Amino acid sequence: MATSIGPAHTGIARDSKVQIQRFNGLRSSNSLLLNKRLHVFPSPTSNPPVIRAVSTPVKSDTTTETKRSKVEIFKEKSNFIRYPLNEELLTDTPNINEAATQLIKFHGSYQQSNRDERGSKSYSFMLRTKNPCGKVSNKLYLVMDDLADQFGIGTLRLTTRQTFQLHGVLKKDLKTVMSTIIGSMGSTLGACGDLNRNVLAPAAPLTKKEYLFAQETAENIAALLTPQSGFYYDMWVDGERVMSAEPPEVVKVRNDNSHGTNFPDSPEPIYGSQFLPRKFKVAVTVPTDNSVDILTNDVGIVVVSDDNGEPQGFNIYVGGGMGRTHRLETTFARIAEPLGYVPKEDILYAVKAIVVTQRENGRRDDRKYGRMKYLISSWGIEKFRTVVEQYYGKKFEPFRELPEWEFKSYLGWHEQGDGGLFCGLHVDSGRIKGIMKKTLREIIEKYNLNVRITPSQNIVLCDIRRAWRRPITTALAQGGLLHPRYVDPLNLTAMACPALPLCPLAITEAERGIPDILKRVRAVFEKVGLKYNESIVVRVTGCPNGCARPYMAELGFVGDGPNSYQIWLGGTPNQTSLAKCFMNRVKVQELEKVLEPLFYHWKRKRQSKESFGDFTTRLGFEKLQELVDKWEGPVKSSSRYNLKLFTDKETYESMDELAKLQNKNAHQLAMEVIRNFVTSQQNGKSE
């Protein structure tokens, strides 16, 4: 199949220092599957077309070839993600070739090797499931637990996108593991690769109308954007599809081509043979509930209800994404921005239009710039909205006002609203292993519980009868799964990616390093006088790709060398602000030199109820750097009495300046002044 790609133009992003090549979509020269391609939009440097109405885009008449990434060529030659993976899986080697390594991602797997081992590489595969809303049936959980022991490394990993990861599967066992998951009504299809990933939604099994509607919408979006060409089932279950019936509205929207969104003759009507330029992430939630990190997604969708709690439509955010590349300022983390509002019956059409806009215009020449956030950053939201409206067939309505966002963990015991209970359990870095794994299996199996995975790497046990609460609580405690009140608050909001030893992209530790980092943060808290119940959001990744979303943390550690991290500051507890890089190449053994002065001054100079992230933003990095550079340790009281000498900041700073002239601190000088005054008064009386 000969596929030509539209011309590349140089687009200037909003930052005048940043210039990024613009890729303007796919176009076919002689392919039956692609000969009804859509409009290739010109770059911003040319005169934009006048849009008189919302209608099907007009096809651009160009045959200019442009550079494509190697992965785009692999996809084109793969017969819809089959070849050469199908042949590579039959060989006796423990690994697969480069093309197959890229293709197996679409099937939900990554090839890895153990980087702790020296000598020849020890290959294995990581499998990632796809669980919209984080929903996991009782049967599937028990199957995944078994597979981890029989074919994996004996652990299950809960991910930041509400899925399982199963590490250590050998190539010879892939088909057995995949077919077992499929036979248990699970799937790994599209959990990785250049297509829509797992769709997030609040994990709480609440029976509130807006929550149920958000979860139903997430499941429908997941179904709409699931590949249709059968490559997954051909590979792992010999073509036998094991699928539940799709809602008729999903089928209707997928097949609708009223506005030129589809490849009419293709087995992939939305994706075509090339799928998307890069991964695509969607989250759905309700107002106030930011358990899903809504602004970090390509598309963030929020249910909007009337005064009676009846869902009416959706606000849509677009353009979020975490991945970046070190020392390349043209790559960046970005939070999503408002696109508009749509009535509830139009949400699938709107999502499809956004996907098609990215499919046609996202860059395919350089994968570093393939995410939709770069398209929106280059075009601007107004142009992006206009193009999406052409595929949607309508104008977006104005964005509806929303209340403040809150981070909700759903840890501990809660009412579901139907008479049942659910229990959210904290799992450090999402790693289920050892006695915890055994205990969870016993409880889930004994009480026939369904579970849900949260976007914070935790697990929720659902549909618990009231009579079961006490025995379940006892069993959980015996397995080390404690009520959140008994877990360090720092751990409750912390996240880390797996990183070493299996992730090929990791530069340094994350999951294996975060326990020590959190203990040291706690020790610094205690040293500077911060209370135990005070906490901050800490996230750690072993590379800049941002899987644990460190760029939204109040304190983010991003691996930038062996035992070395960038330190990012400025996120907020409700995950609505983007952090910024404060320092580079901080060695792990020197973290206290940075953290001590920051926490010390936060305790003493913060405003009422000011979070650490807001404090660092208010002071600014120049002032923070000055505090770090001049740090000589906490001021130690020269008195055994706990006296508060300064009632205002100005008095303290004036005294501090005078004290420095005498090589003293403010407290020492103040005590000296007070003693002298008291002595003089006593002497005056004696005279």
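Structure: see above.
Treat the numbers as computed from the prediction; the structure is a model and nothing was measured.

**Q** Got a minute to help me understand the nonpolar core in this structure?
**A** Generally speaking, soluble globular proteins have nonpolar side chains that are buried together. Core analysis: the biggest nonpolar cluster contains 114 residues, and Tyr141, Ile316, Val318, Ile354, Phe384, Leu440 and Leu461 have the highest contact counts within it. Ala494, Ala499, Phe525 and Val538 belong to the second largest nonpolar core, which has 41 residues in total.

**Q** What is the right way to read the pairing of strand E20 (residues 538–541) from this model?
**A** Residues Val538 and Val540 line one face of E20 and the alternating positions Arg539 and Thr541 line the opposite face, and both faces are buried. Relative to E20, strand E19 (residues 495–496) is paired through 2 bridges, and the arrangement is parallel. Within E20, the residue paired with alanine 496 across the bridge is valine 540. For the crossover that starts at E19, traverses helix H15 (residues 514–528) and ends in the parallel E20, the hand is left-handed. Sheet topology places E20 next to strand E21 (residues 555–561); 4 bridges connect them, and they run parallel. Across the sheet, residue threonine 541 finds its bridge partner in E21, namely valine 558.

**Q** Explain the packing of helix H10 (residues 372–379) against helix H11 (residues 381–392) here, please?
**A** In a pair of packed helices, the angle between the axes and the distance between the axes together describe the arrangement. Relative orientation of the contacting elements H10 and H11 amounts to 115°, with a least axis distance of 6 Å. As summarised for this structure, H10 and H11 are arranged roughly perpendicular, according to the angle between their axes. Residues Met372, Leu375, Ile376 and Trp379 of H10 pack against Ile381, Lys383, Phe384 and Val387 of H11. Partitioned by chemical class, the residues of the contact of H10 with H11 number 7 nonpolar, no polar and 1 charged.

**Q** For this particular structure, what's the right way to read unusual backbone geometry?
**A** Keep in mind that most residues, glycine aside, have a negative phi and that most peptide bonds are trans. The peptide bond linking tyrosine 83 to proline 84 adopts the cis configuration, its omega dihedral lying at 5°. At the junction of leucine 500 and proline 501, the peptide bond is cis and its omega measures out at 10° in the coordinates. Located in the positive-phi region is isoleucine 81, a residue other than glycine, with phi close to 65°. If you trace the backbone, isoleucine 81 turns up in the loop between helix H1 (70–76) and helix H2 (85–88). Taking relative accessible area as the criterion, isoleucine 81 reaches 0% and is therefore assigned buried. Phi angles above zero are rare outside glycine, and methionine 185 is one such case at about 65°. Secondary-structure assignment places methionine 185 in the loop between helix H5 (174–183) and helix H6 (209–224).

**Q** What should I look at first to understand the environment of aspartate 149 in this one?
**A** Looking at the element boundaries, aspartate 149 is found in helix H4 (residues 138–151). The exposure class assigned to aspartate 149 is partly exposed, which follows from its relative accessible area of 47%. With 17 residues separating them in the primary sequence, aspartate 149 and leucine 166 have C-alpha atoms 10.0 Å apart. Discounting residues that sit within four places of it in the chain, aspartate 149 has contacts with Gly154 and Lys437.

**Q** What am I meant to see in the pattern of salt bridges here?
**A** As a working rule, side chains carrying opposite charge can pair if their charged atoms are close by. A complete count under the given rule lists 42 salt bridges for this structure. In this structure, arginine 539 and aspartate 293 form a salt bridge, with 3.0 Å as the shortest nitrogen-oxygen distance. Of this pair, arginine 539 sits in strand E20 while aspartate 293 sits in the loop between strand E10 (282–285) and strand E11 (299–305), and the two are 246 residues apart along the sequence. Arginine 539 gets classed as buried once you look at its relative accessible area, which sits at 3%.

**Q** I'm lost on helix H9 (residues 347–361) in this one. Help?
**A** Because each turn of an α-helix spans 3.6 residues, side chains separated by three or four positions end up pointing in the same direction. Spanning 15 residues, H9 covers 21 Å between terminal C-alpha atoms, matching the ideal 21 Å at 1.5 Å per step. Where burial is concerned, most of H9 is hidden: 14 out of the 15 residues are buried.

**Q** Whenever I open this one, the sheet that holds E10 confuses me. Can you help?
**A** Hydrogen bonds between backbone atoms are what pair the strands of a sheet, whose relative direction is either parallel or antiparallel. In spatial order, the strands read E10-E11-E12-E13; together these 4 strands make up an open sheet with mixed pairing. The outermost strands of the open sheet, each flanked by one partner alone, are E10 and strand E13 (337–343). Strand-to-strand twist in this sheet, taken as the mean axis angle between neighbours without regard to direction, amounts to 25°. Direction of pairing for E11 relative to strand E12 (residues 311–318): antiparallel, over a ladder of 7 bridges.

Thresholds applied
- Residues numbered from 1 in each chain as written.
- Predicted model: local features only at pLDDT ≥ 70, side-chain atom pairs only at ≥ 80, totals over all residues.
- Heavy atoms only, no water.
- Core = buried A, V, L, I, M, F, W, Y, C linked by side-chain atoms within 4.5 Å.
- Buried < 20%, exposed > 50% of the residue type's maximum accessible area, 1.4 Å probe, protein only.
- Helix = DSSP H or I, 4+ residues; strand = E, 2+ residues; numbered from the N terminus.
- Pairing = 2+ DSSP bridges.
- Right-handed = clockwise from strand over helix to strand, strands pointing away.
- Axes fitted to C-alpha atoms, helices over the stretch in contact; angles between N-to-C directions.
- Parallel < 35°, antiparallel > 145°, perpendicular 65-115°, else oblique.
- Contact = heavy atoms within 4.5 Å.
- Nonpolar A, V, L, I, M, F, W, Y, C, P; charged D, E, K, R; others polar.
- Salt bridge = Lys/Arg side-chain N within 4 Å of Asp/Glu carboxyl O.
- Expected span 1.5 Å × (residues − 1).

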